[in-house]
Amino acid sequence: MVISRAFLKKSRIVIFDDTFSALDNKTEQKVLNNVKELVKDKTCIIISNRISDIKDANNIMVLESGEVLETGTHEELLKKQGRYYRFYKEQTATSEMV
């Protein structure tokens, strides 16, 4: 419901703050695919602790204590092997255990 309200306004910027965390992986992917279609002509900011929510973004910013640690695409950040890479490894290790 909250997601649909974001698109009722004719805003050029849409911000999602940890919006998808309560969804299971299958539902999350369906919702994110729909969001991608709806934001093609908008700026979309997704704030999330889940890599799966942001990995397809044009630009990812890794923040810690209000400081930008890294920025780039998913692939670029994995190659840097910095904080994003470690976060990705933590999440994929956790999902493999389940």
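It should be noted that the structure appears before, not after, this text.
Because the structure is predicted, anything quoted here is derived from the model rather than measured.

> Looking at this structure, I do not really get the side chain of His74. What am I missing?
Positionally, His74 belongs in helix α4 (residues 74-80). Here Tyr84 takes part through its side chain, which lies 2.6 Å from a polar atom of the side chain of His74. Not counting residues within four places of it along the chain, the set of residues in contact with His74 comprises Ile51, Lys55, Ile60, Tyr84 and Tyr88.

> Would you mind going over the layout of surface pockets with me for this structure?
In this approach the atoms are scanned with a rolling probe the size of a water molecule, which exposes any empty space left behind. When its volume is computed, the largest pocket comes out at roughly 1000 Å³. Taken together, 31 residues line the largest pocket, and the ones lying closest to its centre are Ile46, Ile54, Ala57, Asn59 and Ile60. Taken together, the elements giving at least two residues each to the lining of the largest pocket come down to α2 (25-38), β2 (43-47), α3 (51-54), β3 (60-64) and α5 (83-97).

> Looking at this model, I keep getting lost on the environment of Glu70. Mind explaining?
Residue position: Glu70 is located in strand β4 (residues 67-72). Overall, Glu70 belongs to the buried group, its relative accessible area being 11%. When the C-alpha positions of Glu70 and Tyr84 are compared, they lie 7.6 Å apart, and in sequence the two are 14 residues distant. The residues touching Glu70, leaving out its near neighbours within four places in the chain, are Ile60, Met61, Val62, Leu77, Lys80, Gly82, Arg83 and Tyr84. For Glu70, the side chain forms a polar contact with the main-chain nitrogen of Arg83, separated by 3.4 Å.

> Explanation requested: the pattern of salt bridges in the structure shown.
Any two side chains of opposite charge can pair, given that their charged atoms come close. Under the defined criterion, the tally for this structure stands at six salt bridges. One salt bridge in this structure joins Glu28 and Arg50, with 2.9 Å as the shortest N-O distance. With Glu28 in helix α2 and Arg50 in the loop between β2 and α3, this residue pair connects regions lying 22 residues apart in the sequence. Side by side, Glu28 and Arg50 carry an identical accessibility label, which is buried. In this structure, Glu37 and Lys40 form a salt bridge, with 3.3 Å as the shortest nitrogen-oxygen distance. Accessibility assignment for this pair places Glu37 and Lys40 in one class, exposed. One salt-bridge network, in which partners are shared between bridges, spans Lys36, Lys55 and Asp56.

Cut-offs applied
Residues numbered from 1 in each chain as written. Predicted model: local features only at pLDDT ≥ 70, side-chain atom pairs only at ≥ 80, totals over all residues. Heavy atoms only, no water. Helix = DSSP H or I, 4+ residues; strand = E, 2+ residues; numbered from the N terminus. Polar contact = N/O pair within 3.5 Å; in protein donor to acceptor, adjacent residues only side chain to side chain. Contact = heavy atoms within 4.5 Å. 1 Å grid on protein atoms, 1.4 Å probe; cavity = no way out; pocket = protein on both sides within 12 Å on 5 of 7 lines; lining within 4 Å. Points joined across faces, edges and corners; volume = space filled by probe spheres on them. Buried < 20%, exposed > 50% of the residue type's maximum accessible area, 1.4 Å probe, protein only. Salt bridge = Lys/Arg side-chain N within 4 Å of Asp/Glu carboxyl O.

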